[in-house]
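# An overview of the molecular structure
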Amino acid sequence: MAQRFDGKVALITGGARGIGYATARMMAQGGAKLALVDINGEQAVASAAKLAAETGTQAIGVKTDVTSEADVLAMVQTVTEKLGAVDIYVSSAAVLDDKLFLDSKPADWHRMIDVCLYGPMLCLHALLPGMVKRGYGRVICLASDSARLGQARLSYYAAAKGGVIALVKSIAQEVGKSGVTLNIVSPGATNTELRMEREASMRAQMGEEKYQRRVQTVLRMYPTGRIGEPDDIAAAISFLASGEASWITGQVMSVNGGFAMP
Ligand SMILES: NC(=O)c1ccc[n+]([C@@H]2O[C@H](COP(=O)([O-])OP(=O)(O)OC[C@H]3O[C@@H](n4cnc5c(N)ncnc54)[C@H](O)[C@@H]3O)[C@@H](O)[C@H]2O)c1
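Residues numbered from 1 in each chain as written. Predicted model: local features only at pLDDT ≥ 70, side-chain atom pairs only at ≥ 80, totals over all residues.

With that settled, the discussion passes to the overall build of the protein chain. For the protein chain, the count of helices and strands is nine helices and seven strands. Over its C-alpha trace the protein chain gives a radius of gyration of 18 Å, about what one expects of a compact globule, namely 18 Å for 262 residues. With respect to the three principal axes, the spread of C-alpha positions in the protein chain is 55 × 35 × 35 Å. Taken over 262 residues, the protein chain has a buried fraction of 42%. Here the contacts in the protein chain between residues at least 6 apart in sequence split such that 73% fall between residues at least 24 apart. (Helix = DSSP H or I, 4+ residues; strand = E, 2+ residues; numbered from the N terminus. Rg over C-alpha atoms; globule rule 2.2 N^0.38 Å. Buried ≥ 20, exposed ≤ 12 C-beta atoms within 10 Å, placed from the backbone. Contact = placed C-beta atoms within 7 Å.)

Shown next, in the form of structure tokens:
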């Protein structure tokens, strides 16, 4: 039986773990070949091997810093040589900083903008021309509801993600007729290593009692009564990456258990 992603090549930055890896697994189960691209090269290679063993698909891990143009160009060449032309690009690579705006330094801003906005721009520059030429492409960039609503202590993360939303909508208008679609998936709090690291740091700062009160307060903000799991987000990304989503472009899909309804 034909599968959703048969014959497709998917490239996922930040694919070594978290939402990126969950998405890779879902696409591999649907028949895609996978490139897991990550600054953590060891984990990217290990995750690709795990994926190949579990699903029988062809998967490679490629060490890449998305903020480096040379890295990105070399990575796209490697992926194309080993797997074929890229049909699906998922931008999941990110960093997170928990700091008040007034405590933030220009260097904090540079790092965040580099990874979360400049990185996707470099990847899009490298991948879009081929997609447009071949008349097919699916781009899904991960943003955050903090970009749509604002969030205390995440000002520069939210600002970078807001930039990605604007970038994706603008390019979606430029290439609309080419068969390439670009969309945003905007997750609410999702149980990945990234979130666990932030939670651990808050727990250490607040102490156990205050932290547990915060956990309950946060849960009350989610009408569905739970925090998200990576597969919740991967399912939305996979839909937007599929052939069924050909008339959806330039959209922001919040996948957030009802936390915000922007
Ligand atoms: N987890 C959440 O609660 C949550 C909420 C909203 C938005 N998001 C977004 O979803 C996406 C995935 O988040 P996650 O929780 O899976 O994160 P994660 O930290 O688990 O995974 C991110 C990956 O990006 C990689 N990475 C970091 N800098 C890189 C660079 N310069 N070049 C290449 N790779 C780099 C990391 O090594 C890591 O493997 C991110 O864009 C994040 O901003 C996550």
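Another point: the nonpolar core. Ala10, Leu11, Met27, Leu34 and Leu36 are the most contacted members of the largest nonpolar core, which has 66 residues in total. A total of ten residues in this core trace back to one element, the largest contributor, which is helix H4 (residues 106-134). Among all residues touching Leu36, those that are not within four sequence positions of it are Ile12, Gly15, Ala16, Ala24, Ala44, Ser47, Ala48, Ala59 and Gly61. (Core = buried A, V, L, I, M, F, W, Y, C linked by C-beta atoms within 7 Å.)

Moving on, we come to the packing of H4 against helix H6 (residues 155-175). Put simply, H4 and H6 touch, their axes get as near as 9 Å, and they point 15° apart. Considered as vectors, H4 and H6 are oriented roughly parallel to each other. Crossing handedness for the pair H4 and H6: right-handed. On the side of H4, the interface is formed by Asp108, Trp109, Met112, Ile113, Cys116, Leu117, Pro120, Met121, Leu124, Leu128 and Val132, while H6 contributes Tyr156, Tyr157, Ala160, Lys161, Gly163, Val164, Leu167, Ile171 and Val175. Residues belonging to the contact of H4 with H6 are distributed by class as follows: 17 nonpolar, one polar and two charged. (Axes fitted to C-alpha atoms, helices over the stretch in contact; angles between N-to-C directions. Parallel < 35°, antiparallel > 145°, perpendicular 65-115°, else oblique. Left-handed = near helix turned anticlockwise from the far one by under 90°. Nonpolar A, V, L, I, M, F, W, Y, C, P; charged D, E, K, R; others polar.)

Another aspect to go through is the sheet that holds strand E5 (residues 137-142). Sheet strands associate in pairs through backbone hydrogen bonding, adopting either a parallel or an antiparallel arrangement. Pairing is parallel in the open sheet, where seven strands are placed in the order E3-E2-E1-E4-E5-E6-E7. Either end of the sheet is taken by a strand with one partner, and the two such strands are strand E3 (59-63) and strand E7 (252-255). The mean inter-strand angle of the sheet, taken between neighbouring strand axes irrespective of direction, is 20°. Two elements, E5 and strand E6 (residues 180-187), share six bridges in a ladder whose sense is parallel. In the sheet register, Leu142 faces E6, and the bridge partner there is Val185. On top of the sheet, helix H3 (residues 69-83) reaches strand E1 (9-13), strand E2 (33-38) and E3; it is set at about 165° to E3, its chief contact. On top of the sheet, H4 reaches E1, strand E4 (88-91), E5 and E6; it is set at about 170° to E4, its chief contact. (Pairing = 2+ DSSP bridges.)

Once that is clear, we can look at the domain arrangement of the protein chain. As assigned here, the protein chain comprises domain 1 (9-188 + 230-254) and domain 2 (192-227). Here the C-alpha centroids of domain 1 and domain 2 sit 26 Å apart. Between domain 1 and domain 2, the residue contacts involve six residues of the former and five residues of the latter. (Domains from an automatic or database assignment.)

To continue, consider the site of the ligand. If you check the shell around the ligand, you find 29 residues, and the closest are Gly14, Gly18, Ala94, Thr192 and Leu194. Among the secondary structure elements, those contributing two or more residues to the shell around the ligand are helix H1 (18-29), H4 and helix H7 (193-206). Each of domain 1 (9-188 + 230-254) and domain 2 (192-227) accounts for three or more of the residues forming the shell around the ligand. (Near = placed C-beta within 6 Å.)

Looking now at the environment of Val252. Along the chain, Val252 falls in strand E7. Its 17 C-beta neighbours within 10 Å are what place Val252 among the partly exposed residues. Sequence spacing of Val252 and Gln3 is 249 residues, and the spatial spacing of their C-alpha atoms is 26 Å. Apart from residues no more than four positions distant in its own chain, Val252 is found in contact with Ala143, Ile165, Ile184 and Ser186.

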